[in-house]
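Fold and contact review
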Amino acid sequence: MRGVNRTLGPVPAVLVMLFPYLMIHFDKPPLETCGALIAGVVLGVLSLRTGSTSGGAGLHIAVA
């Protein structure tokens, strides 16, 4: 994600990350898939700000 961020900027980097994140939630109930959209943006921004995915992974595990 950092490579895309350096090349395209933070908003496109989060959108590029969000696409596969949503794809793995397509088989879930519709409300959960919509929630994954919001959660994906939050996790993407968290990853950009901290430079790590471990915080987002921990948050995802805690919620799931």
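As a starting point, this report considers the structure included with it.

Observations regarding the nonpolar core
Counting residues in each nonpolar core, the largest one holds five residues, listed as L18, Y21, L22, A36 and L43. Mapped onto this core, the elements with two or more residues apiece are α2 (10-23) and α3 (30-50). The element contributing the most residues to this core is α2, with three residues. Leaving out residues up to four positions away in the same chain, A36 has contacts with L18, Y21, L22 and H25.

Some words on α2
Taking 1.5 Å per residue, 14 residues should reach 20 Å; α2 reaches 21 Å between its end C-alpha atoms and fits that length. For α2, every residue scored as buried is listed here: A13, V14, L18, Y21 and L22.

Here we look at the environment of K28
Structurally, K28 can be placed in the loop between α2 and α3. Judged by relative accessible area, which is 36%, K28 ranks as partly exposed. For the pair formed by K28 and T7, sequence separation is 21 residues and the distance between their alpha carbons is 33 Å.

Things to note about α3
Compared with the 30 Å implied by 1.5 Å per residue over 21 residues, the 30 Å span of α3 between its first and last C-alpha is a close match. Taken together, the buried positions of α3 are T33, A36, G40, L43, G44 and S47. Close packing links the buried residues of α3 with α2 and α4 (54-63). Looking at the residues trailing α3, positive phi occurs at G51, about 75°.

Cut-off values and rules
Residues numbered from 1 in each chain as written. Predicted model: local features only at pLDDT ≥ 70, side-chain atom pairs only at ≥ 80, totals over all residues. Heavy atoms only, no water. Core = buried A, V, L, I, M, F, W, Y, C linked by side-chain atoms within 4.5 Å. Buried < 20%, exposed > 50% of the residue type's maximum accessible area, 1.4 Å probe, protein only. Helix = DSSP H or I, 4+ residues; strand = E, 2+ residues; numbered from the N terminus. Contact = heavy atoms within 4.5 Å. Expected span 1.5 Å × (residues − 1).

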